[in-house]
Amino acid sequence: WRDVRNLSAGELAQLIVRDRIDILIDLSGHAPHNRLPAFALKPAPLQVAWGDYVDTRGLAAIDLLLGDEVQTPASDDEFYVERVVRFSPSWLAYRPPSYAPPVAAAPCETNGCLTFGSFSEATKIGPAAVAQWAAVLRALPSARFLVNGHLLADEPRRDRIVALFKDAGVAADRLLLRTGGAHAAFLAQYAEVDAILDTTPYSGGLTTCEALLMGGPVLTVPGDRFCGRHAAGHLARGGYPDGVARSSDELVAKAVALAAQPRALTPLRQALRARFLASRVCDVTAFASDFYGALRREWQVLRA
């Protein structure tokens, strides 16, 4: 373990060379405090892009970007400076926390109406996402929408979201705003929603996994780039491909279909958790084998 916070790019590159690092993996991309200037000096023979920054680094010194067939289809290769390696059914894995509460019954059984929701960060919620959500609410006049996240403790953020819905023709009395809480409590709050509607243009990644863990069906329209396909990838590999719509109109139709069969929602919730836990998304051992196997193969090609 090396604490390199105070090293310049040149000093960090020299340390990497001295430590004889074979494969150097970037997790930060162009996020704040990134170390791309050190990568640009090519201190390791094989340099790889992976992790939380989901786009090309635009840096020729980075050789590979790890993806999968849903997040990074072959048709997108031209947009990446790196060579895309699709190494596993899912580009990452999810390990559920041991404290996840049991799956709850669908709240529509007691509320008398469907509650849709989003547990994504408020920074992902803008006019495009609210436009899709409002189309669902207009098609189902008795439905409500719950937005949940710690950033909603900030009153201006709450006001902004209410205003976005108002502009899209949805009154404030159809909205429920929550402020999250400790993670176990946050997961338990999925009991308050019948289905999750994804954000766009930046899709929900971790929150999609958490929704499936808690039995919540997720509906999404895949975007035109990596960051817009998180939910689609997790749904396709995680046991609920029916949640992937080809258009906003189809997303509305899928939401209306869920509302038409409220008694089917509780059995669906139980089935979704079981399917998700048995899926490749949650197979951490298989993912680790795929991940390290891909890196070893690329290293062997480089050294051949």
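Our structure is the block above this text.
About the criteria used
- Residues numbered from 1 in each chain as written.
- Predicted model: local features only at pLDDT ≥ 70, side-chain atom pairs only at ≥ 80, totals over all residues.
- Heavy atoms only, no water.
- Buried < 20%, exposed > 50% of the residue type's maximum accessible area, 1.4 Å probe, protein only.
- Helix = DSSP H or I, 4+ residues; strand = E, 2+ residues; numbered from the N terminus.
- Pairing = 2+ DSSP bridges.
- Right-handed = clockwise from strand over helix to strand, strands pointing away.
- Contact = heavy atoms within 4.5 Å.
- Axes fitted to C-alpha atoms, helices over the stretch in contact; angles between N-to-C directions.
- Polar contact = N/O pair within 3.5 Å; in protein donor to acceptor, adjacent residues only side chain to side chain.
- Salt bridge = Lys/Arg side-chain N within 4 Å of Asp/Glu carboxyl O.

**Student:** Where do I start with the pairing of strand E6 (residues 144-148) in this structure?
**Tutor:** Consecutive side chains along a regular strand alternate between the two faces of the sheet. For E6, the tally of buried residues reaches four of five residues, placing the bulk of the element in the interior. Alignment of strand E5 (residues 115-118) against E6, held across four bridges, turns out to be parallel. In the sheet register, Gly117 faces E6, and the bridge partner there is Leu146. The β-α-β motif built from E5, the intervening helix H4 (residues 127-139) and the parallel element E6 has right-handed crossover chirality. Looking at chain direction, E6 and strand E7 (residues 175-178) are connected through four bridges and run parallel. In the strand pairing of E7, Asn148 is matched with Arg178. A crossover links E6 with its parallel partner E7, the connecting element being helix H5 (residues 155-167), and its sense is right-handed.

**Student:** I would appreciate a short explanation of the sheet that holds strand E8 (residues 195-197) in the present structure.
**Tutor:** Sheet strands pair via backbone hydrogen bonds, and the direction of the pair is either parallel or antiparallel. Taken together, five strands build an open sheet; the order of strands is E7-E6-E5-E8-E9 and the sheet is parallel. Two strands close off the open sheet at either side, each with one partner strand: E7 and strand E9 (218-219). Sheet strands touched by H4: E5, E6 and E8. Its angle to E6, the strand with the most contacts, is close to 150°.

**Student:** Honestly, the side chain of Ser120 in this entry has me stumped. Any pointers?
**Tutor:** Along the chain, Ser120 turns up in the loop between E5 and H4. For Ser120, a relative accessible area of 6% corresponds to the buried category. Within polar-contact distance, the side chain of Ser120 engages the side chain of Thr207 at 3.3 Å. If we ignore the near neighbours within four places in the chain, the residues touching Ser120 are Ile125, Asn148, Thr199, Gly204 and Thr207.

**Student:** Is there a simple way to explain unusual backbone geometry in this structure?
**Tutor:** Excluding glycine, most residues fall at negative phi; most peptide bonds, likewise, are trans. Cis geometry is adopted by the peptide bond preceding Pro201, which originates at Thr200 and carries an omega value of 10°. In this fold, Pro201 is placed in the loop between E8 and helix H7 (206-213). Even without a glycine there, the phi angle at Arg20 is positive, about 55°. As for its position among the elements, Arg20 is in the loop between helix H1 (9-18) and strand E1 (23-26). The phi dihedral of His33 is positive, around 65°, even though this residue is not glycine. Within the secondary structure layout, His33 lies in the loop between E1 and helix H2 (36-40).

**Student:** What am I meant to see in the side chain of Asp290 here?
**Tutor:** Looking at where Asp290 falls in the secondary structure, it is placed in helix H11 (residues 284-303). Side chain to side chain, Asp290 and Ser88 meet in a polar contact 3.0 Å long. Within polar-contact distance, the side chain of Asp290 engages the side chain of Arg280 at 2.5 Å. Those residues in contact with Asp290 that sit more than four places away from it in its chain are Phe87, Ser88, Pro89 and Arg280.

**Student:** It is not clear to me how the pattern of salt bridges should be interpreted in this structure. Could you clarify?
**Tutor:** Note that side chains of opposite charge can pair when their charged atoms are close. Under the defined criterion, the tally for this structure stands at 14 salt bridges. Put simply, Asp76 and Arg229 hold a salt bridge, and the shortest N to O gap is 2.7 Å. Remark: Arg229 occurs in the loop between E9 and helix H8 (230-238) and Asp76 occurs in the loop between strand E3 (64-67) and strand E4 (83-86); sequence separation between them is 153 residues. Given the relative accessible area of 8%, Asp76 is considered buried. For Arg229, a relative accessible area of 10% gives the class buried. A network of salt bridges, in which partner residues are shared, links Arg246, Glu250 and Lys254.

**Student:** Before we go on, may I ask you to explain the sheet that holds E4 in this structure?
**Tutor:** Strand order across the open sheet formed by four strands is E1-E2-E3-E4, with parallel pairing between neighbours. In this open sheet, the two strands that pair with only one neighbour each are E1 and E4. Taking each pair of neighbouring strands and ignoring which way they run, the sheet shows an average axis angle of 30°. One ladder, built from two bridges, connects strand E2 (residues 46-49) with E3; its direction is parallel. The partner of Val48 across the bridge, within E3, is Leu64. Strand contacts of H11: E1, E2, E3 and E4, with the helix running at about 145° to E2, the strand carrying the most contacts.

Limitation: the analysis is restricted to geometry and does not speak to function.
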